[in-house]
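Chain and residue survey
Listed here are the chains, written in short residue letters.
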Amino acid sequence: MTPIRYTIHPVRPEAHLYRVACTVDDPDPSGQQFALPAWVPGSYMIRDFARHIVSIRAASRNRTVALEKLDKHTWRAQPVEGSLTVSFDVYAWDLSVRGAHLDTTHGFFNGACVFPRVLEQEAAPCELEILRPTGARYRNWRVATAMPRKGAGPYGFGTYVVGDYDELIDHPVEMGEFSLASFRACGVPHDIVITGRHRADLARLRRDLKRLCEHHMRFFGEPAPMTRYVFLVTAVGEGYGGLEHRASTALLCSREDLPREGEIEVSERYRTFLGLISHEYFHTWNVKRIKPAAFVPYDLDRENYTTLLWAFEGITSYYDDLALVRSGLIEKKDYLELLGRSITMHLRTPGRAKQSLAESSFDAWIKYYRQDENSPNATVSYYVKGSLVALCLDLLVRDKTRGRKSLDDVMRALWRRHGLTRAGLEEDGLERLAEEVTGLQLGRYLDEWLRSTRELPLKALLATQGVEMELRPAESAQDKGGKPARSKNAAGLALLGIRARAQGDDTAVTHVLEGGGAQEAGIAAGDLIIALEGLRPGQTGLDAALARRRAGERVRIHAFRRDELMSFEARLRRADADTCVLAESAGARARLLERWLGPRRD
Ligand SMILES: [Zn+2]
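For the structure given in this document, a descriptive report is provided here. Keep in mind that what you see is a predicted model, and the values were worked out from it rather than measured.

His279 (NE2), His283 (NE2) and Glu313 (OE) make up the full set of protein donors to the zinc ion, lying at 2.0 to 2.1 Å. Look at where the donors of the zinc ion fall in the sequence and you get H-x3-H-x29-E. Placement of His279 in helix α4 (residues 268–282) and of Glu313 in helix α5 (residues 309–326) is noted, with a sequence separation of 34 residues between them. We note that His279, like Glu313, is buried.

Right, dumping it as structure tokens:
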């Protein structure tokens, strides 16, 4: 097959415009069609990238060819003889891991945002020429991507080549003056590319990431499925996100999350960063190669429904932190703290009584990815609950097989059966495989955990591996769980039952929680609370004002709803025992805990 030839030129960085061209040597004689994806794999929401196309045209042999628009993102060119080029400018001002961005400081893009798909020629190899922007200020720009080079030098502008369209849009590209650190993990070259102002300790990142990557590679078994890997990190003031790809990941983090020179401890912020790195890297196996059958191949025009997102995001979320403790980057007590926080987060989501994990996965397109003020009341996260179901499954298998089998064995079987072969995982495939690998009847458990809203048996299962789970009320609005109560006799907080953020001296209500005093009193999301018992909470905030009150008290609240002043009388409720603390139980079960959280021995 003749390759499809693409070029991308950051033609006007100051106007955030890339110019993209796509040349097809043997276009469809009845009129070649082109389409831009509606979504980017890994981020399950319709984004309609075609809306950023500013102007589009087609030409053949230096003559303009008419384009007919068939739907929101598909065009058909008038039939031509000889090669056909479609070209357009695309606006890029989305600084997220799933978008495209361009200014005078750097450029970043996902292929799904900028490269049109040539219909019926998706299997053809593609060549991509990446052009340097014009002007002296771009003299020192380099290119970072896991896309294989053809004519381009290392980190250079020039020509790259891939096997097909699916691969073309699975290698995001960063360009600019970034910092670069390299290391080998199990012999495979890895790059850490950091864009944005930062003062990170690159030597430490190299050391820690090598350890983590080698842990994941050995978990699934060498050789790793990629010959090179690139971490594309954008450091900003505040931000968090990641998107997985077959041989790279795009990450957005706060520059404060990166380790500083001279810092030896793993700070809470750095731990979060390592967790994100671990998560995206695990996806190299779990979701980039082991995939739901519904994604083989991706249908880029519309939603791709599966009840299995929990297995790809939840299991990955379970192993991201687990790998930190197993590889020795964090201590057991830190891991138990992180796990305690996840359980706390889950228990503080009233929607867990409304939506099952399978429903949460299926409806990701319209619910998880399109959160609103009612989301905590109506939905459950397939990341958080998914990771807790993975935990329950792991602990159940360890307990019932007396430690002979675990979820690790199921993951490795998934890799052999569905990763190496690229055979998509059917909707019930994981459940069947888990039973086969462990020899256990798991249907009753998984059916309840995945398809009902009953509470997970976390306490009982953690106890089987020597971990005590305790629930207590939150001590303050900042209490995320994972740590023991600071004072033994804490009566617990008096809560209004809202989530809120400061807005100047006032408090904007973002969510009203199901069953709380605020809901009962009629307070609504969007209300701006200006006074509690006739006093403005001011800079110390509503939480501080509430901390001085007791559960059961009635308080008068004044708030603006739009421009109307409202008055409410709300009864404060005692905080539920929804804050989880985990601790190693003394004695006999230490060996089990070591098998679960300790370094892997084969
Ligand atoms: Zn993920």
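On we go.
Right, let's get into helix α6 (residues 332–347). Under the 1.5 Å per step criterion, the end-to-end length of α6 is 23 Å for 16 residues, consistent within 8% with the ideal 22 Å. The buried fraction of α6 is high, at 13 of 16 residues.

Moving on, we get to the nonpolar core. Phe231 and Trp596 are the most contacted members of the largest nonpolar core, which has 163 residues in total. For this core, the element with the most residues is α5, which contributes eleven residues. Apart from the residues lying within four places of it in its own chain, the contact partners of Phe231 are Phe183, His190, Asp191, Ile192, Val193, Leu209, Cys213, Thr249, Leu251, Ile277 and Tyr281. Among the nonpolar cores identified, the runner-up in size contains 18 residues, and Ala494, Ile498, Leu532 and Phe568 belong to it.

Attention now moves to the pattern of salt bridges. In this structure the tally under the stated criterion is 45 salt bridges. The partner of Arg352 in a salt bridge is Glu455, and the shortest N-O contact between them spans 2.9 Å. Taken together, the positions of Arg352 in the loop between α6 and α7 (357–362) and Glu455 in the loop between α12 (443–451) and α13 (458–464) put the pair 103 residues apart, joining distant regions of the chain. The exposure class assigned to Glu455 is partly exposed, which follows from its relative accessible area of 44%. Glu436 is the partner of Arg417 in a salt bridge, and the nearest nitrogen-oxygen pair spans 2.6 Å. Of the two residues, Arg417 sits in helix α10 (residues 407–419) while Glu436 sits in helix α11 (residues 429–438), which places them 19 residues apart along the sequence.

Of the two faces of strand β10 (residues 106–109), the one lined by His106 and Phe108 and the one lined by Gly107 and Phe109 are each fully buried. Pairing of strand β9 (residues 100–102) with β10, which is carried by three bridges, proceeds in the antiparallel orientation. From the neighbouring strand, Leu102 faces β10, where its bridge partner is Gly107. Bridge count for β10 against strand β15 (residues 173–176) is four bridges, and the pairing is antiparallel. Bridge pairing links Gly107 to Met175 in β15.

Rules used in this analysis
- Residues numbered from 1 in each chain as written.
- Predicted model: local features only at pLDDT ≥ 70, side-chain atom pairs only at ≥ 80, totals over all residues.
- Heavy atoms only, no water.
- Donors = N, O, S within 2.8 Å, 3.2 Å for Na, K, Ca; no water.
- Helix = DSSP H or I, 4+ residues; strand = E, 2+ residues; numbered from the N terminus.
- Buried < 20%, exposed > 50% of the residue type's maximum accessible area, 1.4 Å probe, protein only.
- Expected span 1.5 Å × (residues − 1).
- Core = buried A, V, L, I, M, F, W, Y, C linked by side-chain atoms within 4.5 Å.
- Contact = heavy atoms within 4.5 Å.
- Salt bridge = Lys/Arg side-chain N within 4 Å of Asp/Glu carboxyl O.
- Pairing = 2+ DSSP bridges.

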